[in-house]
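What follows is each chain in one-letter form.
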Amino acid sequence: MIWIPNQLVGAPVATDVLLQCNLESHPRSVTYWIKEGGIMVLTNTKYKTEVHPTVLYKVQLKLYIHNLEPEDYGSYTCVAKNSLGETEGTIRLYGKIRKKGSLSVIPHQVWVSSLAPNSQFPKVQSPQFGIRRTSWTHYRFPLLLKMPHHLPDQLSR
C-alpha cells in the first residue's frame, strides 16, 4: 500500500523540491520513480532518490529535484513491486509565482499592461498583490511570463 502526504506540490523555478511517498509491503518491494511520459527517474545531478526504511515493512521514498525548470513540472509516480503485486502513487508538481527570477507560472487571473517606458518587460498586476488597474487588459487564464530579474517593489512583497 502506498500513501502520499502531499499529492499536489507547488514550487517556483530555480528552487529545490522534495516529493515523498510512504509504502507498506511484505515481502519487501522493488521501488522506483517515473516521470510523466513513462521515463524512469535515476539519481544524477538533477534528481536524487532515497529509500528510508522506518519499520520492518514500512519505507519512505523520497525524490529530490534540484534547480527546478519549467520542464520539470508535471506528474511523478512512485512505484512499488513485489511477488504479490504492484502499487503506485502519483504526485503533481506545478509552478508557483517566483518573487525574484526569470520565469514564472501565474495560475490565476492577472492584468498585463503595455510595455513600461524604457523597459522590455510588461507591467503585471494581480489581485494576489492587492493591486488592481481597471484600464488594463484582463486575462482569465494562466499566463507564462518572462519576468525581469528585479521585480517592481509592489510585486516583490
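Bear in mind the structure is a predicted one, so any value in this text is a computation, not a measurement. (Residues numbered from 1 in each chain as written. Predicted model: local features only at pLDDT ≥ 70, side-chain atom pairs only at ≥ 80, totals over all residues. Heavy atoms only, no water.)

Caption draft 1: Geometry of the pairing of strand 4 (residues 30–35). The pairing of strand 4 with strand 8 (residues 74–82) spans six bridges and is classified as antiparallel. Looking at the pairing, Thr 31 lines up with Ala 80 of strand 8. Relative to strand 5 (residues 39–41), strand 4 is paired through three bridges, and the arrangement is antiparallel. When the sheet's bridge partners are listed, Trp 33 is paired in strand 5 with Val 41. Taken together, strand 4 and the strand that follows it, strand 5, pair antiparallel across an intervening segment of three residues, in which Gly 37 is found at a positive phi of about 100°. (Pairing = 2+ DSSP bridges. Helix = DSSP H or I, 4+ residues; strand = E, 2+ residues; numbered from the N terminus.)

Caption draft 2: Structural view of the pairing of strand 6 (residues 47–55). Across eight bridges, the pairing between strand 6 and strand 7 (residues 58–65) is antiparallel. Residue pairing for strand 7: His 52 is matched across the bridge by Gln 60.

Caption draft 3: Representation of the nonpolar core in the model. By size, the foremost hydrophobic cluster in this structure holds 23 residues, and its most contacted members are Leu 19, Trp 33, Ile 65, Tyr 76 and Leu 93. Broken down by secondary-structure element, the contributors of at least two residues to this core are strand 2 (8–11), strand 3 (17–24), strand 7, strand 8 and strand 9 (85–95). (Core = buried A, V, L, I, M, F, W, Y, C linked by side-chain atoms within 4.5 Å. Buried < 20%, exposed > 50% of the residue type's maximum accessible area, 1.4 Å probe, protein only.)

Caption draft 4: Highlighting the pattern of salt bridges. For the structure on display, the rule yields six salt bridges. Lys 46 is paired through a salt bridge with Glu 69; the nearest N and O atoms lie 3.2 Å apart. Here Glu 69 lies in the loop between strand 7 and strand 8 and Lys 46 lies in the loop between strand 5 and strand 6, a separation of 23 residues in the sequence. On the accessibility criterion, Lys 46 (17% relative accessible area) is buried. Under the relative-accessibility criterion, Glu 69 is labelled partly exposed at 33%. The partner of Glu 50 in a salt bridge is Lys 48, and the shortest N-O contact between them spans 3.0 Å. The class for Glu 50 is buried, based on a relative accessible area of 18%. You can call Lys 48 partly exposed: its relative accessible area is 42%. By sharing partners, the salt bridges in this structure join Lys 46, Glu 69 and Asp 72 into a single network. (Salt bridge = Lys/Arg side-chain N within 4 Å of Asp/Glu carboxyl O.)

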